[in-house]
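A structural walkthrough
So the chains spell out like this:
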Amino acid sequence: AQSVAQPEDQVNVAEGNPLTVKCTYSVSGNPYLFWYVQYPNRGLQFLLKYITGDNLVKGSYGFEAEFNKSQTSFHLKKPSALVSDSALYFCAVRDIRSSNTGKLIFGQGTTLQVKP
Amino acid sequence: DAGVTQSPTHLIKTRGQQVTLRCSPKSGHDTVSWYQQALGQGPQFIFQYYEEEERQRGNFPDRFSGHQFPNYSSELNVNALLLGDSALYLCASTPEAGVANTEAFFGQGTRLTVV
């Protein structure tokens, strides 16, 4: 079965420091991977995706993610964290195996806390 | 562009009641998916609608049903509400063309509380 794991419930980082939010996946076939961010009492906002091509993907708000096929990982990164980056982050894989409907399978989420 | 809009934003219902949630997809999108996000969890896929038909369903009981209208908007209905149905319900839209590699756009969600 296709699945996503986010091993850290919470990541704490000081403002200005680099941040990494981890994600590993398990899929059959080529993975379609996504990162979303959720602010309190809001829906999900798309950050970036990996479909094919370069392993380093750049997205919104200065975020980037590195796709590593051998380690089945898709970690979210940012060189310099901002307090406003504090939010809940979700990694997701698209289940293209089942009827190409675009169903997303989400991880449990990681809370990012950036302290001034 | 209004993006994905959902209504209502909050709802309180009593056990055993029925509820209807509504979603208007982003302009140009014809595929609508519904997700349930319980507190502290990631969103779980409920079902997807395309061309007014349910195309795929997640692991949810028949109490959960839906509908898609000719203008692509959608409803999620939940019958015989249980306390465990309390969650944030998210609607997501995608264009059918490129549905596999196109990012889904999410609404702000409907917070359902069952008491």
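Whatever comes next refers back to the structure up there.
In this report, the structure presented in the accompanying data block is examined. (Residues numbered from 1 in each chain as written. Chains lettered and ligands numbered in written order. Predicted model: local features only at pLDDT ≥ 70, side-chain atom pairs only at ≥ 80, totals over all residues. Heavy atoms only, no water.)

Brief notes about unusual backbone geometry
All names here are of chain B.
- That bond from S7 to P8 is cis: its omega, -10°, falls within 30 degrees of zero.
- If you trace the backbone, P8 turns up in the loop between β1 (5-7) and β2 (10-13).
- Unusually for a residue other than glycine, E51 sits at a positive phi of about 50°.
- Within the secondary structure, E51 is located in the loop between β5 (44-50) and β6 (53-57). (Helix = DSSP H or I, 4+ residues; strand = E, 2+ residues; numbered from the N terminus.)

Observations regarding the interface of chain B and chain A
- Counting residues at the interface gives 23 residues for chain B and 25 residues for chain A.
- The largest share of the area that chain B buries against chain A comes from Q56, A100 and E103 of chain B, three residues that together contribute 26% of it.
- Here chain B and chain A share one salt bridge between them.
- In this structure, E103 of chain B engages K49 of chain A in a salt bridge whose closest nitrogen and oxygen atoms are separated by 2.8 Å. (Contact = heavy atoms within 4.5 Å. Buried area = accessible area lost by both parts, 1.4 Å probe. Salt bridge = Lys/Arg side-chain N within 4 Å of Asp/Glu carboxyl O.)

Details of the sheet that holds strand β8 (residues 74-78) of chain B
All names here are of chain B.
- The strand order across the open sheet formed by four strands is β1-β3-β8-β7, and the pairing between neighbours is antiparallel. The open sheet has two free edges, formed respectively by β1 and β7 (64-68), since each of these has just one partner strand. The average angle at which neighbouring strand axes cross in this sheet is 20°, direction not considered.
- Pairing geometry for β7 and β8, over five bridges, is antiparallel. If you follow Q68 over to β8, its bridge partner there is S74. (Pairing = 2+ DSSP bridges. Axes fitted to C-alpha atoms, helices over the stretch in contact; angles between N-to-C directions.)

Quick notes on the pairing of β8 of chain B
Residue and element names in this part refer to chain B.
- Buried residues dominate β8, accounting for five of its five residues.
- Of the two faces of β8, the one carrying S74, L76 and V78 and the one carrying E75 and N77 are both buried.
- Note that strand β3 (residues 19-24) and β8 share five bridges and pair antiparallel. The residue of β8 that forms the bridge with C23 is S74. (Buried < 20%, exposed > 50% of the residue type's maximum accessible area, 1.4 Å probe, protein only.)

Overview of the environment of G59 of chain A
All names here are of chain A.
- Its place among the elements puts G59 in the loop between β7 (56-58) and β8 (64-68).
- Sequence spacing of G59 and K49 is ten residues, and the spatial spacing of their C-alpha atoms is 7.7 Å.
- Excluding residues that lie within four positions of it along the chain, G59 makes contacts with L47 and L48.

Observations concerning the nonpolar core
Residues and elements named next belong to chain A.
- Ranked by internal contacts, the top residues of the largest apolar core, which has 27 residues, are W35, L47, L48, F74, L76 and Y89.
- Where this core is concerned, the elements lending two or more residues are β2 (10-14), β3 (19-21), β5 (33-38), β6 (44-50), β8, β9 (73-78), β10 (87-94) and β12 (110-115).
- Element by element, the count of residues in this core is highest for β10, at four residues.
- Among residues more than four places away in sequence, those in contact with F74 are C23, L33, F34, W35, L48, K49, Y50, A65, E66, F67 and C91. (Core = buried A, V, L, I, M, F, W, Y, C linked by side-chain atoms within 4.5 Å.)

Focus on the packing of aromatic side chains
- If you walk through the whole model with that rule in mind, you get 15 aromatic pairs over all chains.
- We note K78 of chain A situated over the ring of F63 of chain A; from NZ or CZ to the ring centre the distance is 5.0 Å.
- A cation over a ring is seen here: K26 of chain B above F105 of chain B, with NZ or CZ 4.8 Å from the ring centre. (Phe/Tyr/Trp six-rings, centres within 6.5 Å; stacked < 30°, edge-to-face > 60°. Lys NZ or Arg CZ within 6 Å of the ring centre and 35° of its normal.)

Considerations on the state of the cysteines
- In this structure the tally under the stated criterion is two disulfides over all chains.
- Between the sulfur atoms of C23 of chain A and its disulfide partner C91 of chain A the distance amounts to 2.0 Å. Its torsion about the S-S bond being -60°, the disulfide of C23 of chain A and C91 of chain A is classed as left-handed. Here C23 of chain A is found in the loop between β3 and β4 (24-26), whereas its partner C91 of chain A is found in strand β10, with 68 residues between them in sequence. This pair shows no difference in class: C23 of chain A is buried, exactly as C91 of chain A is.
- Across a sulfur-sulfur distance of 1.8 Å, C23 of chain B and C91 of chain B are joined as a disulfide pair. Because the sign of the S-S torsion sets the handedness, a value of about -60° for the bond joining C23 of chain B and C91 of chain B places this disulfide among the left-handed ones. Taken as a pair, C23 of chain B in strand β3 and C91 of chain B in strand β9 (residues 87-94) lie far apart in primary sequence, 68 residues in all.
- Note on C23 of chain B: relative accessible area 2%, which makes it buried.
- Exposure remark for C91 of chain B: the relative accessible area of 0% places this residue in the buried category. (Disulfide = S-S within 2.5 Å.)

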